[in-house]
Amino acid sequence: RKPHWRGTARMADSGAAAAKSGAGEPAPTPVAIAISGASGRVGRRLLALSAADSGLRVTHALVSRGSSSDGEPVGKLAPEASSLDVRATSRGLGSGPTVLVDFSTPAACVEQATAAAELGIGLVIGTTGLTDADMGVLRKLSDKVPVLVAHNFSLGVNLLCRIAGEVATALGEGFDIEVVEAHHNRKVDAPSGTALGLARAIAGALDRDVAKDLRCGREGPSCKRTPREIGMHSLRMGSVVGDHTAHFSSDFERIELTHRAQSRDVFAAGALRAAKWLAGREAGWYTMDDVLFGGRASV
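If you're wondering where the values come from, they're calculated on a predicted model, not measured in any experiment.

(A) Up close: the sheet that holds strand β8 (residues 214–216). In space, the 5 strands of this open sheet follow the order β8-β9-β7-β10-β11, with mixed pairing throughout. Only two strands of the sheet have a single neighbouring strand rather than two, namely β8 and β11 (254–261). Across the sheet, the axes of successive neighbouring strands diverge by a mean angle of 15°, strand direction being ignored. Pairing geometry for strand β10 (residues 242–249) and β11, over 8 bridges, is antiparallel. Opposite H244, over in β11, you have H259 as the bridge partner.

Below you can see the structure in the form of structure tokens.
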């Protein structure tokens, strides 16, 4: 779907089943979630933030077979989650959760997602490295349960992509476009998936083809840009969590749209918001745009 930005757009509600709490009304029932990939970097933060959120209840903390964390209290994975009466397990899902939040590996993701869908459990997928075949499996599962897949769960990044597409549409063809991303010096891939998503949003708004019009870096004596080109540049330095900027420049002015992540918690927090929103939705395929602005499942 083509992005459409309205400056006065209202944020969507935090969960389909959650009623607004007024004076004298009971608090909404917490959304029951299972976390897959609980021993990973994001998984630990999901546990920590869930423990502090009265709107969530963790029922399962799934880890890989053979993990040294198998059977351990989740407080050992994330000290902030010590209040949760849950142990990490590799035995898979049982009854209880409404939504599975998966930040594991591609193979584990497909396995757990398939099992969850059979139990009628919704899926929030943040696992990276999924193949076209993996995505095909998840697409089929969306016939049974609500499925939301995102490469980046930062609310700000998703807003940036949406706004950048709208800005590109408004400015038209008279502006040169460059995307610059920066990450820590341990990141192995480039450009980042988020930067590519930003470029796709811009390309889609201008009817350009990322496969043909995206140019990653410049080197050599003949680097003059073409009119349809979208430049892409990657910086690797220090402990940068993630910076992304879209530059739009004409001969007379320049616009820069920037997002800077200050903590990796931004990804876990966005995924948990998505889980709350997805709970109780009809089966179908959803995006973070739906979470932020409301929406119905797409086919």
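Anyway, onward from the coordinates.
(B) Focus on the sheet that holds strand β1 (residues 31–36). Here 7 strands make up an open sheet; going across it, the order is β3-β2-β1-β4-β5-β6-β12 and the pairing parallel. Two strands close off the open sheet at either side, each with one partner strand: β3 (88–89) and β12 (284–286). The pairing of strand β5 (residues 122–125) with strand β6 (residues 146–149) spans 3 bridges and is parallel. Along β6, the bridge assignment pairs V124 with L148. Helix α2 (residues 106–118) contacts β1, β2 (56–62), β4 (99–102) and β5 of the sheet and is inclined by roughly 180° relative to β4. Packed onto the sheet, helix α3 (residues 132–141) meets β5, β6 and β12 and runs at close to 150° relative to β6.

(C) Representation of the pattern of salt bridges within the structure. With the rule as written, the count across this model stands at 18 salt bridges. A salt bridge links K276 to D53; the nearest nitrogen and oxygen atoms lie 2.7 Å apart. Within this pair, whereas K276 is found in helix α7 (residues 265–278), its partner D53 is found in the loop between α1 (41–51) and β2, the two being separated by 223 residues in sequence. D243 serves as the salt-bridge partner of R260, at 3.2 Å between the closest nitrogen and oxygen. Residue R260 is located in strand β11, and its partner D243 is located in strand β10; the two are separated by 17 residues in the primary sequence. Through salt bridges with shared partners, a single network forms among D176, E178, R215, R218, R225 and E229.

(D) Quick peek at the packing of helix α4 (residues 155–171) against helix α5 (residues 193–205). Interhelical geometry of α4 versus α5 gives an angle of 30° and a closest axis separation of 8 Å. One element, α4, and the other, α5, form an angle in the roughly parallel class. Judged by the sense of rotation from one axis to the other, the crossing of α4 with α5 is right-handed. Here V157, L160, C161, A164, G165, A168 and T169 of α4 come into contact with α5, specifically with T194, G197, L198, A201, I202 and A205.

(E) Molecular detail of the nonpolar core. Among the nonpolar cores identified, the biggest contains 36 residues, and I33, L46, L47, V101, V124, L148 and F153 are the most heavily contacted of them. Of all elements in the fold, only β1, α1, β2, β4, α7 and α8 (288–293) reach the threshold of two or more residues within this core. Counting residues per element, this core draws most heavily on α7, which supplies 7 residues. Beyond its immediate chain neighbours, meaning those up to four positions away, V124 contacts V99, L100, V101, D102, L148, F153, A271, A274, A275 and L278. Counting residues in each nonpolar core, the second largest holds 23 residues, with A195, I202, A203 and A205 among its members.

(F) Summary view of the environment of M288. Summarising the element assignment, M288 is placed in helix α8. Taking relative accessible area as the criterion, M288 reaches 2% and is therefore assigned buried. Separated by 137 residues in sequence, M288 and H151 have C-alpha atoms that sit 9.8 Å apart.

(G) The arrangement of the side chain of T89 in detail. Relative to the helices and strands, T89 resides in strand β3. Overall, the relative accessible area of 17% leaves T89 in the buried class. Among the polar contacts listed, one links the side chain of T89 to the backbone nitrogen of R91, at a separation of 3.0 Å. Apart from residues lying up to four places away in sequence, T89 is in contact with A61, L62, V63 and D70.

(H) Structural detail: the packing of aromatic side chains. Inspection of every chain in the model, using the stated rule, returns 2 aromatic pairs. Arranged with centres 5.7 Å apart and planes meeting at 55°, the rings of F103 and F153 form a pair that is tilted. Highlighted residues: F103 in the loop between β4 and α2 and F153 in the loop between β6 and α4, separated in sequence by 50 residues. Looking at F153, the relative accessible area reads 2%, which means it is buried. Ring plane angle 75° and centroid distance 5.4 Å describe the contact between W277 and Y286, whose orientation is recorded as edge-to-face. For W277, a relative accessible area of 1% translates into the label buried. Directly above the ring of W285 sits R139, whose terminal nitrogen or CZ lies 4.0 Å from the centroid.

Criteria and cut-off values
- Residues numbered from 1 in each chain as written.
- Predicted model: local features only at pLDDT ≥ 70, side-chain atom pairs only at ≥ 80, totals over all residues.
- Heavy atoms only, no water.
- Pairing = 2+ DSSP bridges.
- Helix = DSSP H or I, 4+ residues; strand = E, 2+ residues; numbered from the N terminus.
- Axes fitted to C-alpha atoms, helices over the stretch in contact; angles between N-to-C directions.
- Contact = heavy atoms within 4.5 Å.
- Salt bridge = Lys/Arg side-chain N within 4 Å of Asp/Glu carboxyl O.
- Parallel < 35°, antiparallel > 145°, perpendicular 65-115°, else oblique.
- Left-handed = near helix turned anticlockwise from the far one by under 90°.
- Core = buried A, V, L, I, M, F, W, Y, C linked by side-chain atoms within 4.5 Å.
- Buried < 20%, exposed > 50% of the residue type's maximum accessible area, 1.4 Å probe, protein only.
- Polar contact = N/O pair within 3.5 Å; in protein donor to acceptor, adjacent residues only side chain to side chain.
- Phe/Tyr/Trp six-rings, centres within 6.5 Å; stacked < 30°, edge-to-face > 60°.
- Lys NZ or Arg CZ within 6 Å of the ring centre and 35° of its normal.

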